[in-house]
Amino acid sequence: MDLSKFSKEELAELKAKIAEEEASAERKKREAIDTYKDLVSEAVDDSFKMLQEQSDALAETKSGVYKMFETVKSMKADLFKTKENGQWSHTFTNKEGNRRITLGTNTLDNYDDTAEDGIAMVNEYLDSLAEDNPSAAKAVTICRSLMARDKKGNLKPSKIVTLYKHAKESGSDKFMDGVEIIMNAYKPVPSKTYVRAEFKNDKGEWINVPLGMTEAEEDK
């Protein structure tokens, strides 16, 4: 557009028109943003209400299932002479063998202070092994790595089990005693309880009944 062909009045009118169009576009943008925010807020409030209701209902159902199995768990402990408080999960199956319910408690790894005594005993053995047999350096390194702590400062039970196998193969009483002290120091801390429901399909496979939204989405 050649602006030199326009008079001052025409240029002023053109600038005013452009400014008005820009202002109108800005107003429409703000209105669209406000509409979007209103839509988001309404969707959040409505969906939150539905989700909260479902969460409360699921929590109530979970509590009801646990109460339903209280007598069953107690009878199981009496019949089979098991320690009711020493088992972290219980699975029960119907007579037809096509439905089962698992009640469990997730745990956090934890060791009491005596684990340090066991670790010290094992390290003493490994130090002596390295001194007496230089060729055993690799085995010593492996064993020490099995006692390495994770980022939270915890020993890993699975690694201690592997360490126990090494101790058993070593034939050393001191090594075995140290590892057993560590294993006996394991005192897992209960965290969240859970309920799992499964059914057997026509292929004989156990299928999990989704009880959480993430599970439901994955199973679609």
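Rules used throughout
- Residues numbered from 1 in each chain as written.
- Predicted model: local features only at pLDDT ≥ 70, side-chain atom pairs only at ≥ 80, totals over all residues.
- Heavy atoms only, no water.
- Salt bridge = Lys/Arg side-chain N within 4 Å of Asp/Glu carboxyl O.
- Helix = DSSP H or I, 4+ residues; strand = E, 2+ residues; numbered from the N terminus.
- Pairing = 2+ DSSP bridges.
- Axes fitted to C-alpha atoms, helices over the stretch in contact; angles between N-to-C directions.
- Contact = heavy atoms within 4.5 Å.
- Buried < 20%, exposed > 50% of the residue type's maximum accessible area, 1.4 Å probe, protein only.
- Polar contact = N/O pair within 3.5 Å; in protein donor to acceptor, adjacent residues only side chain to side chain.

Next up on the list: the pattern of salt bridges. In total, this model carries seven salt bridges according to the counting rule given. The closest approach of N and O atoms between Glu 116 and Arg 149, which form a salt bridge, is 2.4 Å. Taken as a pair, Glu 116 in helix α3 (residues 114–132) and Arg 149 in the loop between α4 (137–146) and α5 (157–170) lie far apart in primary sequence, 33 residues in all.

A sheet is described by the order of its strands in space; here four strands give the open sequence β1-β2-β3-β4, paired in antiparallel fashion. The strands lining the two open edges of the sheet, one partner per strand, are β1 (89–93) and β4 (206–208). Each strand of the sheet is rotated relative to its neighbour by a mean of 25°, with strand direction disregarded. Of the strand pairs in this sheet, strand β2 (residues 99–108) and strand β3 (residues 189–200) are connected by nine bridges, and their pairing is antiparallel. Bridge pairing in β3 places Arg 99 opposite Phe 199. Contacts from helix α1 (residues 8–68) reach β2 and β3, with the element oriented near 85° to β3. Those strands touched by helix α2 (residues 70–80) are β1 and β2, and its axis lies near 100° from that of β1.

Residues His 90 and Phe 92 of β1 are buried on one face, while the alternating residues Ser 89, Thr 91 and Thr 93, pointing to the opposite face, are not. Sheet analysis places β1 next to β2, joined by five bridges and oriented antiparallel. Looking at the pairing, His 90 lines up with Leu 103 of β2. Counted along the chain from β1 to the antiparallel partner β2, the turn is five residues long, and its residue Gly 97 has a positive phi close to 75°.

Now for the side chain of Glu 198. Mapped onto the fold, Glu 198 is located in strand β3. Reaching out from Glu 198, the side chain makes a polar contact with the side chain of Arg 100 at a distance of 2.8 Å. Leave out the neighbours within four places in its chain, and Glu 198 touches Asn 98, Arg 99, Arg 100, Thr 102, Trp 206, Ile 207, Asn 208 and Val 209.

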